[in-house]
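Structural characterization, general
Chain by chain, the residues:
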Amino acid sequence: MAYAITQTCCNDATCVSVCPVNCIHPTPEEPDFGTTEMLYVDPQTCIDCGACADACPVDAIFPVDRLMGRDTVFAELNQQYYADRPTDNEWSAPRFPRSLPRTPEGPARVAVVGTGPAACYAAESLLRIGASVTMIDRQPVPGGLVRFGVAPDHPSTKKIGDSFASLFQHPRLQMHLNVEVGTHVSHEELAAHHHAVVYGVGAAADNPLGVPGEDLAGSISATAFVAWYNAYPDAHPTVSNTPIDLSAERAVIVGNGNVALDVARILASDPEDLARTDIADHALEALRASNIREVVLIARRGPEQAAFTRPELLALKHLPGVRLVLDSTTVTADDVAAAAPGSKTALFSDVDAEEVDWQSPPPAGKRIVFRFLSSPLELTGDGRVEGIALSRNILEERDGQVAVTATGDRDELPTGLVLRSTGYRGRPLPGLPFDSTTATVPHEAGRVLDSPGGARLDGTYVVGWIKRGPSGGIGANRTCAEETVDSIIDDAAAGALPSPRGSARAFARLVRQRQPQVITRQQALAIDQAERELGAKVGRPRVKLASTEELLAAVKKPLRR
Ligand code: NAP
């Protein structure tokens, strides 16, 4: 009997490092690692020791004979991965722990900007090699996308936050929350008090659609919608000062990445199921009053090129009370039947394919409709969204890429809500170079460059989405952070880390002067406890405090609700 990795795999490869027989692949050293949707246990080699399950930070690994319900399919998915790959259990060259050379001022002090997954993996790695770490975040609570991005109905994925929370208690770590670089302290001031500054600030903006009508009321970015249901303080209780209007029967999501699937699930789920999660109270209230019965996912390419990952689509099939439908206008049941087993298209073989009559109201019950090979042409409406016009597309191979060409056919879908889920986009950081083509900070193995391919900015580094662009789940940030930390070690060994002029204490004083409402890690712990206590009273993991005022109040006095 073997173990199998299931839907919530975070890809951070903690399991790979504890497996005594090297039966979990792809490993970080293998080429597939950068693009894999999840990791897989080779059932032929697994010796059933359970070390991977014990080490998994998100409880995603189980013995095959204990998989139940929607997870049973993962036994086959794990096995399938090895079907057309020769089993290769050769160990890669061993990687020994490195240590950080002492600087003339003692152990290196590193500032890490951001407290999301990439920043946390970097901080963890830096603490392991002996550095002191100062974490800074503009939000009053740590967590970044673990708190504000991961969907509330994915509690296992959120467990990675527990391992980061123990990191926050490390004696060599200081934390300054509610402090914004560029507003309260500058990059130069950070650099003047630390040997190195690492930016792990993610990609907070969204990609525009670039079609007429996208600024109409009722057209919002998925980024803003996710922030709203995850109680991001700037999104309380409205998005861009506009309440989310869920009065329409049909919502349309443009894009079909995992964020689009998250948003579709939240819109279609039974609010009473969401009521057991840490979803923002204001979102729960709005979803309870929602009229939305149909969520349409629009993809410009075909099912084979879909941006969602297999585990997320498989999970969607088990959403209680929600029917999945494939709009057969552009991709037919025959297309699905002809698809290779194991392909993304074949995932739709048990999904009802039907030609949807968009001019009629959605039928009774809730459903999520997949509409492929369609691009938005414009959002229509008088003052607010009333519909979306779509082109039909065909696929063509261009320069090795599958590109779309519009056929000239046009379809109109009436809808009152359009969510643009076309990916995140990095924002320029004050005092740092920015490549507006990739919306990332130019770098070489994490070392910031003054321009793409240009000169190094000594002592300045990047990790995560601001380094490599907005792709990959939480675990992808672990190897990304290790690469950056390796560069810091090499630079320290080469004597290339600039010496700070000010001490850690002087930096803490400066921060307090500039932002009297700075939140320390002890105060962040008080917020965490207050939220968990509120949650315990009503059978939820936590009740998130949704405004900066409430969060600051929780630091000062116990909360009563
Ligand atoms: P994404 O995976 O990059 O998906 C973006 C989607 O937008 C694609 O379907 C893309 O289509 C489409 N798109 C982009 N520009 C468009 C345009 N102008 N018109 C129409 N469609 C357009 O981005 P994401 O969903 O925001 O996710 C970001 C990352 O976070 C991903 O790596 C994702 O896997 C990860 N994530 C993971 C989870 C999870 O594991 N549960 C949850 C959330 C996010 P094309 O493919 O044709 O370009």
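The written sequence of each chain sets the order in which its residues are numbered from 1. Note on the predicted model: pLDDT of at least 70 is required for a residue's local features to be given, and 80 or more for side-chain atom pairs to be given and counted; whole-chain, interface and lining totals, by contrast, use all residues. Derived side-chain values reflect all non-hydrogen atoms in the structure, with water molecules and hydrogen atoms excluded from consideration.

Quick notes on the overall build of the chain
Strands are runs of DSSP state E lasting at least two residues, helices are runs of H or I lasting at least four, and both sets are numbered from the N terminus onward. Summing up its helical and strand segments, the chain has 19 helices and 23 strands in all. The globule rule puts the C-alpha radius of gyration for 561 residues at 24 Å, and the 24 Å found for the chain is close to it. Its C-alpha atoms give the chain principal-axis dimensions of about 70 × 55 × 50 Å. Three labels apply to residues, based on accessible area from a 1.4 Å probe with only protein chains included: buried if under 20% of the type maximum, exposed if over 50%, partly exposed otherwise in between. Residue burial in the chain is summarised as follows: out of 561 residues, 55% are buried. Of the contacts formed within the chain by residues at least 6 apart in sequence, a portion of 75% connects residues at least 24 apart. Carbon and sulfur atoms provide 50% of the accessible area of the chain, an area that totals close to 23,900 Å². The globule rule used here is 2.2 Å times the number of residues to the 0.38 power, and the radius of gyration it is set against is calculated over C-alpha atoms. Contacts were defined at the residue level, with two residues in contact if any of their heavy atoms lie within 4.5 Å. Accessible areas in this description were obtained via Shrake-Rupley with a 1.4 Å probe; residue shielding takes into account the shown protein chains only.

Observations regarding the sheet that holds strand β14 (residues 352-354)
For two strands to pair, DSSP has to find at least two bridges joining them. If you trace the seven strands from one edge of the open sheet to the other, you get β10-β19-β11-β12-β15-β13-β14, paired in parallel fashion. Single-partner strands in this sheet number two, and they are β10 (219-221) and β14. Shown here is a sheet whose adjacent strand axes are inclined to one another by a mean of 25 degrees, direction ignored. Of the pairings in the sheet, the one linking β10 to strand β19 (residues 417-420) comprises three bridges and is parallel in character. What sits directly across from Ser-221, in β19, is Arg-420. All axes here are fitted lines through C-alpha atoms, helices being fitted over the stretch that makes contact, and every angle between N-to-C directions spans 0 to 180 degrees.

A closer look at the layout of surface pockets
Over the atoms rolls a probe the size of a water molecule, and its path tells where empty space is left. Lining residues are those with an atom within 4 Å of a point, where the points come from a 1 Å grid over the protein atoms alone and group into cavities, where a 1.4 Å probe fits but cannot get out, or pockets, open sets with protein on both sides within 12 Å along at least five of seven lines. Grid points are joined across faces, edges and corners, and a volume is the space filled by probe spheres set on the points. As a volume, the second largest pocket reaches approximately 1,100 Å³. Together, 48 residues line the second largest pocket, and His-154, Pro-155, Lys-158, Lys-159 and Asp-278 are the ones closest to its centre. Looking at the lining of the second largest pocket, the elements that each hand over two or more residues are α5 (145-148), α6 (155-158), α7 (160-167), α11 (271-274) and α18 (521-537). Residue contributions to the lining of the second largest pocket peak at seven residues, all from α18. Gly is placed with the polar residues, together with every amino acid not listed as nonpolar (Ala, Val, Leu, Ile, Met, Phe, Trp, Tyr, Cys and Pro) or charged (Asp, Glu, Lys and Arg). Residue composition of the lining of the second largest pocket, by class: 18 nonpolar, 11 polar and 19 charged.

As for the sheet that holds strand β17 (residues 387-398)
What the three strands build is an open sheet, ordered β16-β17-β18; its pairing is antiparallel. Lying at the two open borders of the sheet, with one neighbouring strand each, are β16 (374-380) and β18 (401-414). Going from strand to strand, the sheet's axes swing by 20 degrees on average, the running direction of each strand aside. Pairing of β17 with β18 involves 11 bridges; the strand directions are antiparallel. Within β18, the position partnered with Glu-396 by the bridge is Ala-403.

Side note on the nonpolar core
Ranked by size, the top nonpolar core spans 131 residues in total, and within it Ile-24, Met-135, Tyr-229, Leu-267, Phe-348, Ile-368 and Phe-370 carry the most contacts. Top contributing element to this core by residue count: helix α4 (residues 117-128), with eight residues. For Phe-370, the residues in contact, after removing those within four places along its chain, are Leu-261, Leu-297, Phe-308, Leu-313, Leu-316, Leu-324, Val-325, Leu-326, Asp-327 and Phe-348. Here, nonpolar core means buried Ala, Val, Leu, Ile, Met, Phe, Trp, Tyr and Cys residues that are tied together by side-chain atoms lying within 4.5 Å of each other. Counting residues in hydrophobic clusters, the runner-up holds 19 residues, among them Ile-136, Tyr-199, Leu-429 and Val-441.

Some points on the environment of Ala-536
Mapped onto the secondary structure, Ala-536 falls in helix α18. Taking the relative accessible area as the measure of exposure, Ala-536 reaches 61% and is therefore exposed. Residues Ala-536 and Gly-255, spaced 281 residues apart in sequence, show a C-alpha to C-alpha distance of 37 Å.

A short note on the packing of α4 against helix α16 (residues 476-493)
Axis separation between α4 and α16 bottoms out at 8 Å; the angle between their running directions is 45 degrees. Overall, the two elements α4 and α16 adopt an arrangement that is oblique. In this structure, the crossing between α4 and α16 has a hand that is right-handed. For the pair α4 and α16, the contacting residues are Pro-117, Ala-118, Tyr-121, Ala-122, Ser-125 and Leu-126 in the first and Asn-477, Arg-478, Ala-481, Glu-482, Val-485 and Ile-488 in the second. A class-by-class count of the residues in the contact of α4 with α16 yields eight nonpolar, two polar and two charged. For classification, angles of less than 35 degrees are called roughly parallel, those exceeding 145 degrees roughly antiparallel, those between 65 and 115 degrees roughly perpendicular, and all remaining angles oblique. If you view the pair so one helix is near and one far, a crossing is left-handed when the near helix is turned anticlockwise from the far one by less than a right angle, and right-handed when it is turned clockwise.

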